Amino acid sequence: MTPTFLTDSVTTDLDRALHYAGMWGLDALELRTVGGPNVRVPNVDERKLLRRLEEHETSVVAVSPGLFEGPISARVSLLNEVAALSDTLAFCTRIGCSIVVASSFAPEDEVDTSAAADLLRRAGDAAVRKGVTLALLNEYDGAHASPSALAELLALTNHPNVRAAYSPADAALAQHDPLDLEALAPFVALVRVRDGEGEGTDWQESVVGEGHLELTQILTMLHAHGFDGPVSLDVRREPKAKAGVRGAANLVAAMRAAKRANA
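Residues numbered from 1 in each chain as written. Predicted model: local features only at pLDDT ≥ 70, side-chain atom pairs only at ≥ 80, totals over all residues. Heavy atoms only, no water.

Novice: In this structure, what is going on with the overall build of the chain? I would like to understand it.
Specialist: From N to C terminus, the chain includes 8 helices and 10 strands. Expressed as lengths along the three principal axes of its C-alpha atoms, the size of the chain is roughly 45 × 40 × 35 Å. A total of 263 residues make up the chain; the buried ones form 54% of that total. Contacts in the chain between residues at least 24 apart in sequence constitute 75% of all its contacts with a sequence separation of at least 6. For the chain, the accessible surface area stands at approximately 11400 Å², while carbon and sulfur atoms represent 46% of it. Charged side chains of the chain number 24 positive and 36 negative; the gap between the two group centres comes to 7 Å. (Helix = DSSP H or I, 4+ residues; strand = E, 2+ residues; numbered from the N terminus. Buried < 20%, exposed > 50% of the residue type's maximum accessible area, 1.4 Å probe, protein only. Contact = heavy atoms within 4.5 Å. Areas by Shrake-Rupley, 256 points an atom, 1.4 Å probe, with all protein chains shown as cover. Lys, Arg positive; Asp, Glu negative; His and termini not counted. Charge placed at Lys NZ, Arg CZ, Asp CG, Glu CD.)

Here is the structure:
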């Protein structure tokens, strides 16, 4: 497993993000917005990015360009996103990134999973040609918030390059069991980690590893199913610099414990 930093959860400034990653012992980056709150990958200063990555001997393992955030019924719009995916895939090839994180669609009264699976297979075909994995995130306010719902969609899609980006906190926020992983675990390509206490509207952000989520248990279960990918730190607790250093230490400790448990 690779300890990874979701940079804009703390800062959109690349130099500061690289400084924090190094100081906190995080080996890689997940990029979303870089250079300003409205500067989303892949439309970033690529020359500067490559130069700074080389200087800091750091890699980008995942990018999150904002795909598939709309409802499945908006088919024309989603097909346009699949067509535009080529820009992100080319960007990933140039910077050496292997995972594109995407949303798993907005909720609506009737979710057409067959249409969603067809669209995802098209995106997966584009991704496989570039050696990239498309990882769908279970967002708490999305159409596939629970681990089981996302697993059902991925099983129906049945594409080797369409996997899961699992957020245990989002499952908890949507009042699902974050440990309900038997069906989803084989699909997980990335874990995005935040932490908190309570559920639903009572959720309160905490330092990663200091809330109610059983992070070590979650990572142990996933690692037992073969997961060895990025575990991305999403810092939500203020002040973020202090929360980040404690959360990173807890994250690395949980990853080590998960590996020991499966040794």
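Novice: Sorry, what's going on with the pattern of salt bridges here?
Specialist: Pairing between side chains of opposite charge can happen when the charged atoms of each approach one another. On inspection of all chains with the given rule, the structure shows 12 salt bridges. A salt bridge links Asp170 to Arg194; its shortest N-O distance comes to 3.7 Å. Here the residue Asp170 occupies a position in helix α6 (residues 168-173), and Arg194 occupies one in the loop between β7 (188-193) and β8 (195-197), the gap between them amounting to 24 residues. On the basis of relative accessibility, which here comes to 8%, the residue Asp170 falls in the buried class. For the salt bridge of Arg246 with Glu210, the shortest nitrogen-to-oxygen distance reads 2.5 Å. (Salt bridge = Lys/Arg side-chain N within 4 Å of Asp/Glu carboxyl O.)

Novice: Looking at this structure, how should I read the nonpolar core?
Specialist: Nonpolar side chains in soluble globular proteins tend to end up buried together. In this structure, Val63, Phe68, Leu136 and Leu184 are the most contacted members of the largest nonpolar core, which totals 74 residues. The residues contacting Phe68, other than those within four sequence positions of it, are Leu78, Glu81, Val82, Ala102, Ser103, Ser104, Phe105, Leu119, Leu120, Ala123, Leu134 and Leu136. Counting 10 residues, the second-largest nonpolar core is a separate cluster that includes Val61, Ala62, Ile99 and Leu137. (Core = buried A, V, L, I, M, F, W, Y, C linked by side-chain atoms within 4.5 Å.)

Novice: Would you mind going over the packing of aromatic side chains with me for this structure?
Specialist: The way to describe two aromatic rings as a pair is by their centre distance and the angle between their planes. Scanning the entire structure with this criterion turns up 3 aromatic pairs. A centroid spacing of 4.9 Å and a plane angle of 20° characterise the contact between Tyr20 and Trp24, whose relative ring orientation is stacked. A residue pair is termed a helical-turn pair when its members lie 3 or 4 positions apart in one helix, as Tyr20 and Trp24 do in helix α1 (residues 14-24) at 4 residues. Each of the two residues, Tyr20 as well as Trp24, counts as buried. Chaining the aromatic ring pairs together yields one cluster made of Phe5, Tyr20 and Trp24. (Phe/Tyr/Trp six-rings, centres within 6.5 Å; stacked < 30°, edge-to-face > 60°.)

Novice: Honestly, the packing of helix α4 (residues 113-129) against helix α5 (residues 147-157) in this entry has me stumped. Any pointers?
Specialist: The relative placement of two packed helices is expressed as an angle between their axes plus a distance between the axes. For the pair α4 and α5, interaxial distance at closest approach is 8 Å and the crossing angle is 60°. The angle between α4 and α5 places the two elements in the oblique class. Crossing hand, α4 versus α5: right-handed. Residues Thr113, Ser114, Ala116, Ala117, Leu120 and Arg121 of α4 touch α5, and the partners they reach there are Leu153, Leu156 and Thr157. The residue makeup of the contact of α4 with α5, split by class, is 5 nonpolar, 3 polar and 1 charged. (Axes fitted to C-alpha atoms, helices over the stretch in contact; angles between N-to-C directions. Parallel < 35°, antiparallel > 145°, perpendicular 65-115°, else oblique. Left-handed = near helix turned anticlockwise from the far one by under 90°. Nonpolar A, V, L, I, M, F, W, Y, C, P; charged D, E, K, R; others polar.)

Novice: How should I be thinking about unusual backbone geometry in this particular structure?
Specialist: Across the chain, the bulk of peptide bonds are trans and the bulk of non-glycine residues have phi less than zero. Note that the residue after Val41, namely Pro42, is joined by a cis bond; omega there is 5°. Relative to the elements of secondary structure, Pro42 occurs in the loop between β2 (28-31) and α2 (46-56). Backbone geometry places Phe105, a non-glycine residue, at a positive phi of 80°. By secondary structure assignment, the location of Phe105 is in the loop between β4 (99-103) and α4. In this structure Phe105 comes out as buried when scored by relative accessible area, which is 2%. In the Ramachandran plot, Gln175 falls in the positive-phi region, its phi being about 65° despite a non-glycine side chain. Looking at the secondary structure, you find Gln175 in the loop between α6 and β7. Classification of Gln175 as exposed rests on a relative accessible area of 51%.

Novice: I tried to follow the sheet that holds strand β5 (residues 133-137) on my own but got confused; where do I start?
Specialist: In sheet architecture, strand pairing relies on hydrogen bonds along the backbone and comes in two forms, parallel and antiparallel. Here we have 8 strands rolled up into a closed barrel, ordered β1-β2-β3-β4-β5-β6-β7-β10, and parallel in their pairing. The average angle at which neighbouring strand axes cross in this sheet is 30°, direction not considered. Where strand β6 (residues 162-166) meets β7, 3 bridges bridge the pair, whose relative direction is parallel. Bridging from a neighbouring strand, Ala164 pairs with Val188 of β7. Sheet strands in contact with helix α3 (residues 75-95) are β3 (59-63) and β4, and its direction is about 165° off that of β3. (Pairing = 2+ DSSP bridges.)

Novice: Would you take a moment to explain the side chain of Arg52 for this structure?
Specialist: Within the secondary structure, Arg52 sits in helix α2. Excluding residues within four positions of it along the chain, Arg52 makes contact with Leu14, Asp15 and Leu18.

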